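Here is how the chains run, residue by residue.
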Amino acid sequence: MAVKTQRAKNKIENCREIVAKSSHSCKLGNFESRDSRNNELFDMTNRRMDTLGIFVLISYLGLSSAAGVHLSDIQQNLAANGSVVLSPLNSTDAFSVAINLSQSTVNNCPSLANAESMALMELLTRLTAGCRYDKMVPPVVHNKDGEEVPMDIYARFYIYVMKNLDSSDLQFTVQGLLQLRYLDPRLAFSSYLPNRRQPIMGESELKKMLWVPHIFLTNEQASTVLGTSAKDELTTIYPNGTVLTSTRLQATLYCWMNFQKFPFDEQKCITTLESWMYNTSLVQLHWETDNPVSFDKQLQLTEYNLIGSLYNESIRVSNESYMSHGSLEGNYSIISFTVLLTREVGYYVIDYFLPSIMIVTISWVSFWLQADQTPARTTLGCTTLLSFITLSLSQENNLMKVSYVTMSEVWFLVCTIFIFGSLVEFAFVNTIWRRNNDLQLKKRTTKYIVKSTFVPHLKKHRRHGYRRTDSTMSTMSTTSMDKSCGANNTVITIETPIIIGGSLSREDSAISLDEQDETSTSESGDSTKEKPAQTFATMTPKEVSLWIDRKMRFVFPLSFVVFNALFWTLVYCL
């Protein structure tokens, strides 16, 4: 092909020399032009050739010249045009032919030779022309060894505002500036403009002319590009072909929160950026080395404190079981950053925990009221219980319904048990207060009081059986005495008070006499052994009720203090 091209060029030069000298004939393709002096081929009568025919021949000359020397290998062709000048009748020349040859390009690709005199828009138009740039294809990057490698895209995210961290919807809103930086060698203009050091900057119109990576937020609920009169997008092209795109956006993102320690929880909200179309063989995402994720210094949150952030780079596999990219399968590059947040507990302590402690404490006031004051104790117990339920419901409305138990639910449940326990205690002591029978106790201790209080019928049954036996014995003793002593003798039954442990107890004299008879019989049988007398204490129902109330004045507060110690230890130590 190179030999043919050289031959064609030599043929053109020879043809030009012959035409200039006008002394020889020039043969180009199938057309032959001969000298008018050659009388063998042209007769003098042919001087009057029809003008139209001559122009047809000259047109054929141009076409055949263009077709005969077509140089497709160097993307050039020759354009030939000719003119015919008729000679006078007395002239020896029949006609003269002039041929002009020129070169033109085939692909019409605009030249960048005079780029310094071009406007920036014209320069960009020629740089991104279809013959040089295809914005549907990502740039090809080679390493030092000349091997093709994936294109690296570096990201940086600057956060202006974080708001609406809603626990009920598990989402938050963020406003920030997203920057993407990558190298596109096709856009390098340093060779065309060697004296220019400033980058070329443009907005959305420039971005539409270029290939830009498609990056999406995987946990996105909604997003938009901010801007008043136009979208806040800036594209910068540096002389070496580095492209920097900056976009100011607002996005509502999902945050999968954990409320097990609510309202003393710490949340980790993750934002993930991922390549949508190109896998890791073509595109790889990275964070910038310096300040990949930063926050505005005036950023303030209402319910949370911003602790810091973490960032990570990973790869996600998209296949039939996990398809995050439509029908495309492969490994896709991922970059993510995590915002660390801790909840402010001041609002919950003042509005929920302190009021609940006060309500539980108010419910203990009933322990200082007598058991027969039913209206007062009932009203106090029911009012505190209803108030606490209302308080707990108002707090639960701010929290999403979750399947697990939270710390706030544990708190409100235990406090409800304490308030309900004070009501149950009142019902119990009021029932004891209204009893008619005294409690017979072996000892005046907590063990026997509780045992006699909860099992009163068994004690009463045993006591009645003992009395029936004693009365039978007394009757038999009286009958025998009547028989022995006669009708004039009389048996007098005397009730004698017996002091047991400093308390006054009244016992039947028949029992005492019987015990004395048994004691005397035992002494007569064995003078060395003595059997102590079995004594009992008696408490009235009112005394038992007051005794229970006095105990509960210490049991309830002490139990609540122990619960608080365990609760706050779990909150801050685990």
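The protein chain appears in an unreviewed UniProt entry as pH-sensitive chloride channel 2 from Drosophila yakuba. Under Sequence similarities (unreviewed entry), UniProt gives the following word-for-word description of the protein chain: "Belongs to the ligand-gated ion channel (TC 1.A.9) family." Under the heading Catalytic activity (unreviewed entry), UniProt records this for the protein chain: "chloride(in) = chloride(out)".

A.B. asks: Would you take a moment to explain the overall build of the protein chain for this structure?
C.D. replies: Of the regular secondary structure elements, the protein chain holds eleven helices and 22 strands. A buried classification covers 35% of the 574 residues belonging to the protein chain. For the protein chain, long-range pairs separated by at least 24 residues make up 72% of all intrachain contacts whose partners lie at least 6 apart in sequence.

A.B. asks: I'm lost on the side chain of Glu233 in this one. Help?
C.D. replies: As for its position among the elements, Glu233 is in strand β12 (residues 233-237). Given a relative accessible area of 17%, Glu233 falls into the buried group. For Glu233, the residues in contact, after removing those within four places along its chain, are Gly202, Glu203, Ser204, Lys207, Val225, Ser246 and Thr247.

A.B. asks: Sorry if this is basic, but what is going on with a nonpolar patch on the surface here?
C.D. replies: Judged by side-chain polarity, Trp276, Met277 and Leu328 come together as a nonpolar surface patch covering roughly 280 Å² of accessible area. Assessed through its relative accessible area of 33%, Trp276 is described here as partly exposed.

A.B. asks: Which parts of the structure should I look at to understand the packing of helix α5 (residues 346-363) against helix α6 (residues 374-396)?
C.D. replies: In contact at an axis separation of 9 Å, α5 and α6 are set at 165° when each is read in the N-to-C sense. As summarised for this structure, α5 and α6 are arranged roughly antiparallel, according to the angle between their axes. For the element pair α5 and α6, the recorded crossing hand is left-handed. For the pair α5 and α6, the contacting residues are Asp351, Tyr352, Pro355, Ser356, Ile359, Ile362 and Ser363 in the first and Leu380, Thr384, Ser387, Phe388, Leu391, Ser394 and Gln395 in the second.

A.B. asks: Just to check I follow, could you spell out the state of the cysteines for this structure?
C.D. replies: The bond known as a disulfide is covalent and runs between the sulfur atoms of two cysteines. Applying the stated criterion across every chain, the model contains two disulfides. Each sulfur in the disulfide pair Cys109 and Cys131 lies 1.9 Å from the other. Looking along the S-S bond of the Cys109-Cys131 disulfide, the torsion reads about 65°, which is the right-handed sense. Of this pair, Cys109 sits in the loop between β4 (95-105) and α3 (120-127) while Cys131 sits in the loop between α3 and β5 (141-142); the two residues are 22 residues apart in sequence, bridging distant segments of the chain. Judged by its relative accessible area of 24%, Cys109 is partly exposed.

A.B. asks: Before we go on, may I ask you to explain the environment of Ser117 in this structure?
C.D. replies: Take Ser117: it is sitting in the loop between β4 and α3. Along the chain, Ser117 and Leu193 lie 76 residues apart, while their C-alpha atoms are 9.7 Å from each other. Here the side chain of Ser117 touches Asn114 through a polar contact of 2.9 Å, landing on its backbone oxygen.

A.B. asks: In this structure, what is going on with the sheet that holds strand β10 (residues 215-217)? I would like to understand it.
C.D. replies: Either a parallel or an antiparallel arrangement is found when strands of a sheet pair, and the pairing is made through backbone hydrogen bonds. As summarised here, the arrangement of the four strands in space is β10-β14-β18-β17, forming an open sheet in which the pairing is antiparallel. The open sheet has two edge strands with one neighbour each: β10 and β17 (304-318). The sheet shows a mean angle of 20° between the axes of neighbouring strands, taken without regard to direction. Bridge analysis of β17 against strand β18 (residues 330-343) gives 14 bridges, and the strand direction is antiparallel. Among the inter-strand pairings, Asn305 is bridged to a residue of β18, identified as Thr342.

A.B. asks: Help me understand the packing of aromatic side chains, please; the structure alone is not making it clear to me.
C.D. replies: As enumerated under the stated definition, the model contains 32 aromatic pairs in all. Seen from their ring centres, Tyr347 and Tyr348 are 5.0 Å apart, and the 75° between their planes marks the pair as edge-to-face. A relative accessible area of 43% places Tyr347 in the partly exposed class. Judged by relative accessible area, which is 5%, Tyr348 ranks as buried. When the centroid spacing of 6.0 Å and the interplanar angle of 80° are considered together, the rings of Tyr347 and Tyr352 count as edge-to-face. The rings of Phe264, Phe353, Trp364, Phe367, Trp411, Phe418, Phe556, Phe560, Phe563, Phe567, Trp568 and Tyr572 are connected pair by pair, giving a single aromatic cluster. Geometry around Tyr133 places Arg186 over its ring, the cationic atom sitting 4.2 Å from the centre.

A.B. asks: Please explain helix α11 (residues 541-573) as it appears in this structure.
C.D. replies: Residues that lie three or four places apart on an α-helix share one face, since the helix turns once every 3.6 residues. Taking 1.5 Å of rise per residue, the 33 residues of α11 would be expected to cover 48 Å, and the 47 Å separating its terminal C-alpha atoms lies within 8% of that figure. The largest bend along α11 reaches roughly 30° and is located at Met552.

A.B. asks: Looking at this structure, I do not really get the confidence of the model for the protein chain. What am I missing?
C.D. replies: Interpretation of the predicted coordinates at a detailed level should be avoided for regions scoring low in pLDDT. Looking at the protein chain, the pLDDT average stands at 75 and 65% of residues meet or exceed 70. Confidence drops under pLDDT 50 across residues 18-87; counting only partners more than four residues distant or on other chains, this segment forms 96 contacts. The low-confidence segment residues 457-525 (pLDDT under 50) makes 41 contacts with residues lying over four places distant or belonging to another chain.

A.B. asks: Would you explain the pairing of β18 in this entry?
C.D. replies: Working note: regular strand, side chains alternate between the two faces of the sheet. With twelve of its 14 residues buried, β18 lies for the most part within the structure. As judged from the nine bridges shared by strand β14 (residues 266-275) and β18, these two strands associate in the antiparallel manner. Each residue of the ladder has a partner; that of Gln267, found in β18, is Leu341.

A.B. asks: Even after reading the chapter, I still don't get unusual backbone geometry, so can you show me in this structure?
C.D. replies: Most peptide bonds take the trans configuration, and most residues that are not glycine carry a negative phi. Each neighbour pair has its own omega, and for Phe262 with Pro263 the value is 5°, a cis peptide bond. Mapped onto the elements of the fold, Pro263 is located in the loop between β13 (242-254) and β14. A positive phi angle, near 55°, is found at Leu170, a position not held by glycine. Position of Leu170 among the secondary structure elements: in the loop between β7 (151-166) and β8 (171-183). Take Leu170: its relative accessible area is 13%, and that puts it in the buried class. Positive phi, close to 50°, is recorded for Asn291, a residue that is not glycine. For Asn291, a relative accessible area of 57% translates into the label exposed.

A.B. asks: Can you help me understand the pairing of β12 in this one?
C.D. replies: In terms of residue burial, β12 counts as a mostly covered element, since four of its five residues are buried. Pairing geometry for strand β9 (residues 200-202) and β12, over three bridges, is antiparallel. Across the sheet, the residue bridging to Met201 is Thr236, located in β12. Two elements, β12 and β13, share five bridges in a ladder whose sense is antiparallel. Residue pairing across strands places Thr235 opposite Thr245, the latter belonging to β13.

Conventions we followed
Residues numbered from 1 in each chain as written. Predicted model: local features only at pLDDT ≥ 70, side-chain atom pairs only at ≥ 80, totals over all residues. Heavy atoms only, no water. UniProt positions renumbered as here; feature names shortened; annotations may be inferred. Helix = DSSP H or I, 4+ residues; strand = E, 2+ residues; numbered from the N terminus. Buried < 20%, exposed > 50% of the residue type's maximum accessible area, 1.4 Å probe, protein only. Contact = heavy atoms within 4.5 Å. Patch = residues over 30% accessible without salt bridge, like charges linked within 9 Å, V, L, I, M, F, W, Y side chains within 5 Å. Areas by Shrake-Rupley, 256 points an atom, 1.4 Å probe, with all protein chains shown as cover. Salt bridge = Lys/Arg side-chain N within 4 Å of Asp/Glu carboxyl O. Axes fitted to C-alpha atoms, helices over the stretch in contact; angles between N-to-C directions. Parallel < 35°, antiparallel > 145°, perpendicular 65-115°, else oblique. Left-handed = near helix turned anticlockwise from the far one by under 90°. Disulfide = S-S within 2.5 Å. Polar contact = N/O pair within 3.5 Å; in protein donor to acceptor, adjacent residues only side chain to side chain. Pairing = 2+ DSSP bridges. Phe/Tyr/Trp six-rings, centres within 6.5 Å; stacked < 30°, edge-to-face > 60°. Lys NZ or Arg CZ within 6 Å of the ring centre and 35° of its normal. Expected span 1.5 Å × (residues − 1). Bend = angle between axes of the 7 residues up to and from the residue. pLDDT = per-residue confidence, 0-100.

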